[in-house]
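Residues per chain, in single letters:
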Amino acid sequence: MTDVGIDAIEIWTGKLRLDLPGTLAPAKGEDPEKYTKGLGLFASSLPDTYEDIVTMGANAAHRLMEREDVVPADIGRIDVATESAFDNSKPVSTYIAGCLEQIYDGDFRHANKGERKFACVSGTQAIDDAYNWIRAGRHRGRSALVIATDTALYERGDAGEATQGGGAIAMLIAENPKLMTLSQAQGFGSMDETDFLKPNQQFPSVDGKRSIQVYLARMREAIEDFEGQNGEMHPEDYAHIPFHTPFPGMVRKAAALGYRRLIRDTDVEEALANKIGPQPRPEAFADTEEYREALSEYTEALTSTDRYTTWYEEVIEPTLWISREVGNWYTGSVHVARASALLDGAANGRDLTDARFLVASYGSGAQAEIHEEAVQPGWKREIQKLPIEDHLERRSDIDFEEYELVHDAHNHDVDTGTDLRTFSVPEHEFVFDGWGPMNERQYRFVT
Ligand code: CAA
């Protein structure tokens, strides 16, 4: 059977940078270390006032197509994953296709376009859809464009304001991909939850502390489901485990849970037993609460072992460095984590060919999904085409008053007029260009 997976990746970060410990923390009267040490965040990328989910998605897709020498006729499917859509009928993919058609000779007339929604896990679901479409042989030799784009803004004053971000990631899903092949095995953990939702509102209603518990619970179920299908796993099976990363501190918690599961009944559990004892097993406890307490004590002891910290440094840390600088991009976050690991591997001369990644996605509401990917021989040359440092460095820093203006400009309930102040200069990119006669958002390409 032909391999299918991720052929190429491009990232577009919102063009503004808000320093979290230096600017947001003092303005909110908070300790900067809550950001750097607690949440693991240094900066948020925010969209300038002429940017939105369409411009960021179209700009990422445009760069990807230019770089890979792809034209509209090569694309048979465009799926956009977002939880920041502004239109309940017309999918964001049509707006993005419309942008791209302004600058390409061809069009996407015969491409299937759609929009995927399940909070942050929908980017992974869109990749799934593309994979299934190609595997089913309905693609006529064409590739799919999957774009995860979000403006992850919270109500001013909400605790979530600390974890904001905005950006897009475009991925080409194709046969015989240059970066990663996807495996068929998957694990799911899915439940009706009200931890984070946007019922007909722009900014989320969030129960922050509960959202963390729901993330961990669904992730545990997804790992159990995956193991049930594929047999026991071992920590050495995976070069990297990119998790959905709302903030790196969340991954610190998820990785501890994941490692505990990975070492269960392995030589690693046995080797560590001298120091921290064996893992508690539910059958040894009459009371669930006691079992949970024992498990959490074991996990704490586990994370302070050298074996765990070495594993974390090698397997998890390389997935987090972009997130620390850009904040949460919702649907794009887990895909940014995968790109971070590949970029880190290329920069540090690691040989990742044939290495396996365990990709752990999560969306509030709530669903976790786990699957394996294998790194392809052409990965290094391909990922090195992604100029991530340029993207991060060209952002314009904003102070707190400017941040307030930018937040208002993106707030649908605040009328800031049309003559908006901008903080960066658009160049060779799509920009928002006001509203059309049917209240549609319009865009133009700035050369
Ligand atoms: N030095 C070191 N660490 C500090 C510190 C200091 N001075 N001050 C605080 N911390 C630590 C805290 O101990 C805490 O770490 P632990 O959880 O490991 O104990 C961390 O920094 C955050 O501090 P608080 O819990 O006090 O922060 P908060 O009350 O402002 O809330 C939050 C944090 C709940 C994550 C909030 O930002 C939020 O609601 N975010 C949005 C929801 C979210 O991202 N949830 C994640 C799971 S849901 C998901 O993944 C989907 C999604 O993308 C949204």
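Structure: see above.
Rules used in this analysis
Residues numbered from 1 in each chain as written. Predicted model: local features only at pLDDT ≥ 70, side-chain atom pairs only at ≥ 80, totals over all residues. Heavy atoms only, no water. Helix = DSSP H or I, 4+ residues; strand = E, 2+ residues; numbered from the N terminus. Polar contact = N/O pair within 3.5 Å; in protein donor to acceptor, adjacent residues only side chain to side chain. Contact = heavy atoms within 4.5 Å. Near = heavy atom within 4 Å. Areas by Shrake-Rupley, 256 points an atom, 1.4 Å probe, with all protein chains shown as cover. Nonpolar A, V, L, I, M, F, W, Y, C, P; charged D, E, K, R; others polar. Axes fitted to C-alpha atoms, helices over the stretch in contact; angles between N-to-C directions. Parallel < 35°, antiparallel > 145°, perpendicular 65-115°, else oblique. Left-handed = near helix turned anticlockwise from the far one by under 90°. Pairing = 2+ DSSP bridges. Phe/Tyr/Trp six-rings, centres within 6.5 Å; stacked < 30°, edge-to-face > 60°. Buried < 20%, exposed > 50% of the residue type's maximum accessible area, 1.4 Å probe, protein only. Lys NZ or Arg CZ within 6 Å of the ring centre and 35° of its normal. Core = buried A, V, L, I, M, F, W, Y, C linked by side-chain atoms within 4.5 Å.

Trainee: Would you take a moment to explain the side chain of S211 for this structure?
Mentor: Along the chain, S211 falls in helix 6 (residues 208-230). Only 2.6 Å separates the side chain of S211 from the backbone oxygen of G208, close enough to count as a polar contact. Sequence-distant contacts of S211, defined by excluding residues within four places in its chain, comprise D195 and Y362.

Trainee: Mind showing me how you'd approach the site of the ligand here?
Mentor: Neighbouring residues of the ligand: 27 residues in total, closest D31, K34, K209, S211 and K253. At 2.9 Å from a nitrogen atom of the ligand is found a side-chain nitrogen or oxygen belonging to D31. H244 has a polar side-chain atom sitting 2.9 Å from an oxygen atom of the ligand. With the chains in place, 74% of the 1100 Å² that the ligand exposes on its own is no longer accessible. No other element matches the five residues that helix 2 (residues 32-39) contributes to the shell around the ligand. Within the shell around the ligand, the residues separate by chemical class into 12 nonpolar, eight polar and seven charged.

Trainee: Is there a simple way to explain the packing of helix 6 against helix 7 (residues 248-263) in this structure?
Mentor: Helices that pack against each other are described as a pair by the angle of their axes relative to one another and the distance between those axes. Closest axis-to-axis distance for the helix 6/helix 7 pair is 10 Å, and the angle between their directions is 30°. Between helix 6 and helix 7, the angle falls in the class roughly parallel. The two elements helix 6 and helix 7 meet at a crossing, and its hand is right-handed. Of the residues in helix 7, those touching helix 6 at I212, Y215, L216, R220, I223, E224 and E227 are M250, K253, A254, L257, G258 and R261. Taken together, the residues of the contact of helix 6 with helix 7 break down into seven nonpolar, one polar and five charged.

Trainee: Looking at this model, I keep getting lost on the sheet that holds strand 3 (residues 43-46). Mind explaining?
Mentor: What links the strands of a sheet is backbone hydrogen bonding, and the strands pair in either a parallel or an antiparallel sense. The three strands are arranged 3-2-13 in an open sheet whose pairing can be described as mixed. Strands with a single pairing partner mark the edges of an open sheet, and in this sheet they are strand 3 and strand 13 (396-397). In the packing of helix 1 (residues 20-27) onto the sheet, contacts are made with strand 2 (16-19) and strand 3, and the angle to strand 2 comes to roughly 65°.

Trainee: What's the story with the packing of aromatic side chains in this structure? I'm lost.
Mentor: Aromatic rings considered in pairs are described by the distance between their centres and by the relative angle of their planes. The full count for this structure, using the stated rule, is 15 aromatic pairs. Between Y154 and F196, the ring centres sit 6.3 Å apart and the planes meet at 80°, which makes this aromatic pair edge-to-face. Residue Y154 is located in the loop between strand 6 (143-152) and strand 7 (165-175), and its partner F196 is located in strand 9 (residues 196-197); the two are separated by 42 residues in the primary sequence. Here the aromatic rings of Y154 and Y330 are separated by 6.3 Å at their centres, their planes lie at 70°, and the arrangement is edge-to-face. Here Y154, found in the loop between strand 6 and strand 7, pairs with Y330, found in the loop between helix 11 (321-326) and helix 12 (333-347); they are 176 residues apart in sequence, far enough to count as distant. In terms of burial, Y154 and Y330 fall into one category: buried. Three or more aromatic residues joined by ring pairs make a cluster, and in this case those are F86, Y95, F432, W435 and Y443. Lying across the ring of Y35, K34 places its NZ or CZ 5.8 Å from the centre. Stacked on the ring of Y95, the Lys or Arg K90 has its end atom at 4.6 Å from the ring centre.

Trainee: How do you make sense of the nonpolar core when you look at a structure like this?
Mentor: Soluble, globular proteins show a tendency: their nonpolar side chains are buried together. Membership of the largest hydrophobic core comes to 55 residues, with the highest contact counts inside it found for I241, F243, W311 and I316. Element by element, the count of residues in this core is highest for helix 7, at nine residues. Excluding anything up to four places from it in sequence, F243 contacts Y215, M219, V251, A254, A255, I316, V334, A337 and A360. V4, I134, V336 and L352 belong to the second largest nonpolar core, which has 41 residues in total.

Trainee: In this structure, what is going on with the pairing of strand 6? I would like to understand it.
Mentor: A regular strand carries its side chains on alternate faces of the sheet. The element strand 6 is largely enclosed, with a buried count of 10 among its 10 residues. Side chains S143, L145, I147, T149 and T151 of strand 6 all project onto a buried face; the interleaved residues A144, V146, A148, D150 and A152 project onto the opposite face, where all are buried too. Alignment of strand 4 (residues 75-81) against strand 6, held across six bridges, turns out to be parallel. Directly across from V80, in strand 6, lies its bridge partner I147. Pairing analysis gives nine bridges linking strand 6 to strand 7, with the strands arranged antiparallel. Pairing of V146 across the sheet is with M171, part of strand 7.

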